[in-house]
Amino acid sequence: MTTGAKARRGQLLSTYGIGGLFPSETTSFMIVGLDEWNENRAQPVSEPRLARSLRVAELKSPPAGTARDVPVIRFPLTQVCPNPKCRRIGSLYDLAKDWNVAKCAQCKEKPLLTPFRLITACSKGHIDEFPYFRWLHQGAAWNEGTPHDMKMMSLGRTSSLADLVLKCSCGVAPKSLDGTFGPKALAEFGNCSGARPWLGAEARQDCTETPRVLQRGASNVWFPAVRSAISIPPYSEALAKLVDKHWVLLEDLDPVPQKVLENIAKSTNWKHSAADIAAEIERRRGAEEDDDVNEEALRRDEFSALMVGREDIGIEADFVCLPMTLDSELPDLVTEVRKVTRLREVRALYGFSRLDGVTEPGAEGLCDLARHRMNWLPAIEVIGEGVFIALDRAKLSEWAERPFAQERRQALQTAAGRRAAEFGRPEAPRVDIVEVAVHTLAHVLIDQLSLDAGYPAASLRERLYVDDDMAGILVYTASSDSAGSLGGVASQAAPESFAGVLREGLTRLSWCSSDPVCIESTASGTDALNLAACHACVLVPETSCELSNTFLDRALLFGTPEKGCESEGLFSGFLAKQ
C-alpha cells in the first residue's frame, strides 16, 4: 500500500471513494476498503436516523492528518515508459524492478513511469488490468521460452487509440488498440477475472460477465452510492448529539448506572443534567425499536419538520426554519414558503458501482466497501441554508390526470422501459409525472436563485419531497466552502423577494434559445429520459441534481405550442396574468 496522495474528506465520498481511482501527478492510485482505514482517527458524525436507514451503528468522518489514515494501492500496475527511445510497457516491477519506485530501470535517464490508460471492468463492479499481452498475441503462436519485450509506440498522427500500437520482440505483427472499446472486444479472452483490488488480491469472486474496456479516467469507472439526511429536531439538538456520541456504550446498558449519567453530565460542565440525559436515552431507545428507517421515511420526517418550522434557539441549533407570509402574487399552487437559515446535511457512502450507476442498497452490482461487514460507514457533514416551498398536492394530483400530463408521462415511461431492457434490468422505474413536474420546477428555482443570490449554481442543491401525500422542494447551499454560509439564499424566502424569484424564473425559462426544437423534443438527455429540457434552459450542474439531470420536462410547467396545449402547463395561467 502507498501513502502520499492527498484528497479532501468530501472527495472520499463523491469523487475518489473506496474502489475509485485517484490520479496523483504521474501516478494512479485506488482507495482501499474500510478494513484498512485508521478507524481510531475517524471522528463520529451524529445522525442516528441516517445510520439506522443504512443498518450501521455509527457514521464517521474519514480520518485525516497522518500518513496511512486512508491507505491506497497503485492501480493500474501496468506502466509505460514515456521515453521515446524506450516506450516499454509492462508491470511496475518489470519496468522499475522496485514496487515502490515508479521509474524506468531500463533507461539511463530513469524517467517516471506513467500508468497505462486502459483498464477493464464489469457491471458487477470488478476491475482489472487491460490484457495488453493477450490483445497483441491474440491468435498468434509463440514458444514459451521466447522473450517478450513489449513496447507501446505512438504514431503521432492523432490522439486516438488507432495511433497507439503494441509491438513485441517475439516478432508477432504489431497491433493497434483500435477496437478495444467494443462491448465484446474481450469476449474471446474469457469471463471477467472477478478481481476486487480495493479489498485485496485474495478477494476475487466468480464472475460470468464479459469485461468492458474503459479509459481509467472515464466517469463510469466509479459511481458512488450516497444517502443523505437533513438533521431535524430532536436529532439536531445538542442533547441528542451528546447521547449519540456515547451511544455505542449506552446502548447495552439498561438501566444506565447513575454514575455513568453523572459522568456524562459532568463532561458538559452540567449544561445537561443527568435526568435530561436519562430521558433522552429512553427516547432514543424507543426510536431504535421502531421499524427500519428507509429513504422514504427520512424524507417524510424532514418534510414534516420543514412544515412545522423551528425558531432560532442559539448557535447550537442545527435546524432553523422560519415560516414566511405568502405574497399575494404567488400562484395558488404554492401553499407554504419557509426561510431555512441554518441546516445540517449528513452524507454517507454505503457502496459504489461501475458502468451502470446502481445505487439501490442490496442491488446486484453494488460493491462492498470492506471484506467483512463493518458497524460504521464514512460520512461527512455540511452546514448550509436555503428556501423551502410546499405545493398543493391535491391540485397536482388533479392536474396529473389530464390527457396532456398523461401523454407526457407515457412518453417518459416508454423511454425508461427501453433503458431497462437495454441494461437487462427486470423492470423499469415507474414515472411519476408529478415528481417530474416538481423536479423541473426545482431546476427553475436553482437557476433563478443562482442569479439573485449571487451563488454559483454548482453550490446549490435540490431536495425533493414527493409522494402521494406531500409535495415540496428544498433548495439549499450544503457546501463545504464559504458559499454555504453567507445567507444569500435564505434571504430570498422573504415575502417581498420570493414572489419575484419565482415569477422571474418561470418567465425566463418559459422560452429557450433552442426553441422550438427544445419545447417540441420527444426524447433528450441521458438515455432519452428527458423531454423538453436542454443545457440552454433547465439542466443544472450534476452536483445540484438528485436525479443526474434526468426526468425533466419544461412543457409540464408551460405547455406546448400545439393548439389546445398552450394552457396545459402547471403555471400557464400564472404567466398569462403577468
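Anything mentioned here points back to the structure above.
Small disclaimer: the values here were computed from a predicted structure and weren't measured. (Residues numbered from 1 in each chain as written. Predicted model: local features only at pLDDT ≥ 70, side-chain atom pairs only at ≥ 80, totals over all residues. Heavy atoms only, no water.)

**Quick look at unusual backbone geometry**
What counts here: Strands are runs of DSSP state E lasting at least two residues, helices are runs of H or I lasting at least four, and both sets are numbered from the N terminus onward.
In the segment running from Phe75 into Pro76, the intervening peptide bond is cis, with an omega of -5°. You can see Pro76 is positioned in the loop between β4 (72-74) and β5 (78-80). A cis amide bond links Asp515 to the next residue, Pro516, at an omega of 5°. We note that Arg55 has phi near 60°; this positive angle belongs to a residue other than glycine. Counting through the fold element by element, Arg55 comes out in the loop between α2 (48-53) and β3 (58-60).

**Comments concerning the packing of helix α10 (residues 393-400) against helix α12 (residues 433-453)**
When two helices pack together, their arrangement is given by the angle between the helix axes and the distance between those axes. The criterion, for reference: To obtain an axis, a line is fitted to C-alpha atoms, over the contacting stretch when the element is a helix, and the angle between two such axes runs from 0 to 180 degrees between their N-to-C directions. For any helix crossing, the convention is left-handed if the near helix is rotated counterclockwise from the far helix by under a right angle, and right-handed if that rotation is clockwise. Residue contacts are defined here by distance: any two heavy atoms, one from each residue, within 4.5 Å place the two residues in contact. Residues are grouped as follows: nonpolar covers Ala, Val, Leu, Ile, Met, Phe, Trp, Tyr, Cys and Pro; charged covers Asp, Glu, Lys and Arg; every other residue, Gly included, is treated as polar.
Relative to each other, α10 and α12 sit at 115°, their axes nearing to 9 Å. Crossing of α10 against α12: the hand is right-handed. Together, Arg393, Leu396, Trp399 and Ala400 of α10 and Ile433, Val434, Ala437 and Val438 of α12 make up the contact between the two elements. Taken together, the residues of the contact of α10 with α12 break down into seven nonpolar, no polar and one charged.

**Some remarks on the pattern of salt bridges**
This is how it is decided: Whenever a carboxyl oxygen of Asp or Glu lies within 4 Å of a side-chain nitrogen of Lys or Arg, that contact is scored as a salt bridge. Type-normalised accessible area, obtained with a 1.4 Å probe on protein chains alone, sets the label of each residue: buried when under 20%, exposed when over 50%, and partly exposed for intermediate values.
In the structure shown here, the tally under the stated rule is 25 salt bridges. Lys60 is the salt-bridge partner of Glu58, the closest N and O atoms lying 3.9 Å from each other. By relative accessible area, which is 9% here, Lys60 ends up buried. With a shortest N-O distance of 4.0 Å, Arg344 and Asp318 are connected by a salt bridge. On the criterion of sequence distance, the pair formed by Arg344 in strand β16 (residues 334-353) and Asp318 in the loop between α9 (295-308) and β15 (320-323) is long-range, its members being 26 residues apart.

**A look at the environment of Pro71**
Locating Pro71 in the fold gives a position in the loop between β3 and β4. Residue classification places Pro71 among the buried positions, given a relative accessible area of 2%. Placed 40 residues apart in sequence, Pro71 and Ile31 show a C-alpha to C-alpha distance of 6.5 Å.

**Quick look at the sheet that holds strand β1 (residues 21-24)**
Operational definition: Any two strands with at least two DSSP bridges between them are considered paired.
Across the sheet, three strands lie side by side as β1-β2-β4; this open sheet has antiparallel pairing. One side of each edge strand has no neighbouring strand; the edge strands of this open sheet are β1 and β4. Sheet twist, expressed as the mean angle between neighbouring strand axes with direction ignored, is 40°. As defined by bridge partners, strand β2 (residues 27-31) adjoins β4 across three bridges and the pair is classed as antiparallel. Residue pairing across strands places Phe29 opposite Arg74, the latter belonging to β4.

**Regarding the sheet that holds strand β13 (residues 212-215)**
Read across the sheet, three strands follow the order β9-β8-β13 without closing on themselves; strand pairing throughout is antiparallel. Each of the sheet's edge strands pairs with one partner strand only, and the pair in question is β9 (127-129) and β13. On average, adjacent strands in this sheet sit at an angle of 40° to one another, irrespective of strand direction. Pairing geometry for strand β8 (residues 118-121) and β13, over four bridges, is antiparallel. Bridging from a neighbouring strand, Ala121 pairs with Arg212 of β13.

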